[in-house]
Amino acid sequence: MMRNSEKTSAYHWNITHKDKIHKSKQEVWSIISGESNLELFHPFCNKNKVISWSQESSVDQIEYLNGSLFIREFSKWCIEEGYNLYINQLGKPRSYVEWRLKGLGSDCEVKISIYPYLCNTGNKLIYFAPFNLFVRPLLKSYLYSVIGGLKLYAEKNIQVKNNHFGKHIWFS
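Attention here is on the structure that accompanies the text. (Residues numbered from 1 in each chain as written. Predicted model: local features only at pLDDT ≥ 70, side-chain atom pairs only at ≥ 80, totals over all residues. Heavy atoms only, no water.)

## What about the overall build of the chain?
- A tally of helices and strands in the chain yields three helices and seven strands.
- Taking 172 residues into account, the globule formula puts the C-alpha radius of gyration at 16 Å, and the chain, at 15 Å, falls close to it.
- Counting only C-alpha atoms and orienting by the principal axes, one finds that the chain spans roughly 45 × 35 × 30 Å.
- Across the 172 residues that make up the chain, the buried fraction comes to 45%.
- Here the chain displays about 8800 Å² of accessible surface, and carbon together with sulfur accounts for 51% of that area.
- Taken as two groups, the 22 positive and 15 negative side-chain charges of the chain have centres that lie 7 Å from each other. (Helix = DSSP H or I, 4+ residues; strand = E, 2+ residues; numbered from the N terminus. Rg over C-alpha atoms; globule rule 2.2 N^0.38 Å. Buried < 20%, exposed > 50% of the residue type's maximum accessible area, 1.4 Å probe, protein only. Areas by Shrake-Rupley, 256 points an atom, 1.4 Å probe, with all protein chains shown as cover. Lys, Arg positive; Asp, Glu negative; His and termini not counted. Charge placed at Lys NZ, Arg CZ, Asp CG, Glu CD.)

What follows is the structure, given as structure tokens:
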């Protein structure tokens, strides 16, 4: 069983979104653990280039629709349960992300938690308002779109189109 102990104490806040997908945990895992998987269901991903793919040693690159490049470095990989990774735009600090799967009979709950670097280190009081008024709503919308895309792909085998759930100010 995976634990969240890997997250460093440097992160004060996180944003989490979860949804139920009408596919088995094994079927959802096979989608999210495959090479270049974001190209199938991520509505803001233009390309998902693999640098190396070997479970928790995996590294890939996301090119978002707006042209920005991010690197994902996986740090924990538990088959059919989820993974942890660090993600950052080239030249910027890293954010921490946890993907979790929970079997619900013939369905699967997918939960993604992001511990963003933005407004998440330093003095909590100074960043409380910007984080809750700006960062949290934008990342909540982002997670809604990513999990929504995964749900659409898993349940209906439809590759998600760009900005399928609407544009995003940071990634479209």
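## Remarks on the packing of aromatic side chains
- Counted by the stated rule, this structure contains 23 aromatic pairs.
- Residues Trp170 and Phe171 carry aromatic rings whose centres are separated by 6.2 Å and whose planes lie at 85° to one another, so their mutual orientation is edge-to-face.
- For Trp170, a relative accessible area of 24% gives the class partly exposed.
- The class of Phe171 is buried, set by a relative accessible area of 7%.
- Put simply, the rings of Trp29, Phe41, Trp53, Phe74, Trp77, Tyr83 and Trp99 touch in pairs and so form one group of aromatic residues.
- Sitting above the plane of the Tyr86 ring, Arg94 keeps its charged end 4.0 Å from the centroid. (Phe/Tyr/Trp six-rings, centres within 6.5 Å; stacked < 30°, edge-to-face > 60°. Lys NZ or Arg CZ within 6 Å of the ring centre and 35° of its normal.)

## Concerning a nonpolar patch on the surface
- Side chains of Leu118, Leu133 and Phe134 sit close together on the surface and give an oily, nonpolar patch of about 300 Å² of accessible area.
- As for its position among the elements, Phe134 is in helix 3 (residues 124–156).
- Overall, Phe134 belongs to the partly exposed group, its relative accessible area being 42%. (Patch = residues over 30% accessible without salt bridge, like charges linked within 9 Å, V, L, I, M, F, W, Y side chains within 5 Å. Salt bridge = Lys/Arg side-chain N within 4 Å of Asp/Glu carboxyl O.)

Shape is all these values report; function is a separate question.
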